[in-house]
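Topology and contacts: notes
In case you want the letters, here they are:
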Amino acid sequence: MNNKLNLFNIGLPTNEDLNTWSKDCIKQRLDHNISGNLLAFVSEAPDYELNENMVALYDFHTNPIKGKYQSVIFDKKAGIILCQKNSRQLINHLLKHKLILGAVLQKKLQKELGFYYRHTISLGEIAYFSLRAHSESHTSWIGLHHMQTVQQENGRVTFSYQENGYSYNFEFEDCAPNMYKRLGEAITRNHVLG
C-alpha cells in the first residue's frame, strides 16, 4: 500500500466523507477491503514510532484490524498507519527511548502539580493525551497539540483538527470520567514544561 500525499502535503484523506473517524468507522473502512479513495492514504508500519505528527492513535489490541493490527495511527504526514504494536508498546517505547529521564520526569511533574491521574505525556510544545489514564492497560491517544476543539456529549468525546482548510474529527467512546478536568490538567502540565 503506497502513501500518496496531496498537494498540501497532508497525509490524511481530504474527502469530506472520510473526515470523521471512530473505532467503528475504522473497523468498517479498514478491516476488510479498503476502498480505492482511501487506499492511497493507508500504509503498514511495523516500526512506527510516535512523533509530533501523530494526530490520533486508536488501540485495537482486543480486536485487531485484519486480525493483526493492534493500533491505527493517524499521522498528519505519513497518513493512516496500520501497526502491529499496541498502544502500550508504542507509548512505552516513547517513554524509554525518546524522553530524557523517561517516565520519571513525567511522574515527578505530575506529583508537583498535584495531579493524581496520568493522562498526559508533556514535551513542551507537544502533548500526548490518553483517553484513559495511561497507567491503565491499553488506551487510545490524541496528539493534543494538534487539536483545536473538543466536545463531549452522550458519552462520546470528539476532538477536531484542522490543517490547510481540511477538518478532521476523531471520536472516542471509552473515555475517562471528568474529561474536561483531565484536559485542563493536561494543558496546565504542558504549559509548565513549555
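Structure: above.
My aim in this report is to walk through the structure given alongside it, one point at a time. (Residues numbered from 1 in each chain as written. Predicted model: local features only at pLDDT ≥ 70, side-chain atom pairs only at ≥ 80, totals over all residues. Heavy atoms only, no water.)

Considering all chains together, one arrives at six aromatic pairs under this definition. Measuring from ring centre to ring centre gives 4.6 Å for tyrosine 58 and phenylalanine 172, while their planes differ by 15°; the resulting arrangement is stacked. On the criterion of sequence distance, the pair formed by tyrosine 58 in strand S3 (residues 54–59) and phenylalanine 172 in strand S11 (residues 166–172) is long-range, its members being 114 residues apart. Each ring, one from tyrosine 161 and one from tyrosine 168, has its centre 5.8 Å from the other, and the planes form 25°; the classification is stacked. With relative accessibility at 1%, the residue tyrosine 161 sits in the buried group. Tyrosine 168 sits in the buried class, given a relative accessible area of 1%. Members of the aromatic cluster, joined through ring pairs, are Trp21, Tyr58, Phe74, Phe159, Phe170 and Phe172. Lying over the aromatic face of phenylalanine 60, lysine 23 brings its terminal NZ or CZ to 5.1 Å of the ring centre. (Phe/Tyr/Trp six-rings, centres within 6.5 Å; stacked < 30°, edge-to-face > 60°. Helix = DSSP H or I, 4+ residues; strand = E, 2+ residues; numbered from the N terminus. Buried < 20%, exposed > 50% of the residue type's maximum accessible area, 1.4 Å probe, protein only. Lys NZ or Arg CZ within 6 Å of the ring centre and 35° of its normal.)

The next subject is helix H1 (residues 23–30). The α-helix advances 3.6 residues per turn, and as a result positions three or four apart in sequence lie on the same side. When we look at burial in H1, the residues that qualify are Cys25, Ile26, Lys27, Arg29 and Leu30. Those residues of H1 that are buried are in contact with strand S1 (20–21), helix H2 (36–39), strand S2 (42–44), S3, strand S4 (71–75) and strand S5 (79–83). (Contact = heavy atoms within 4.5 Å.)

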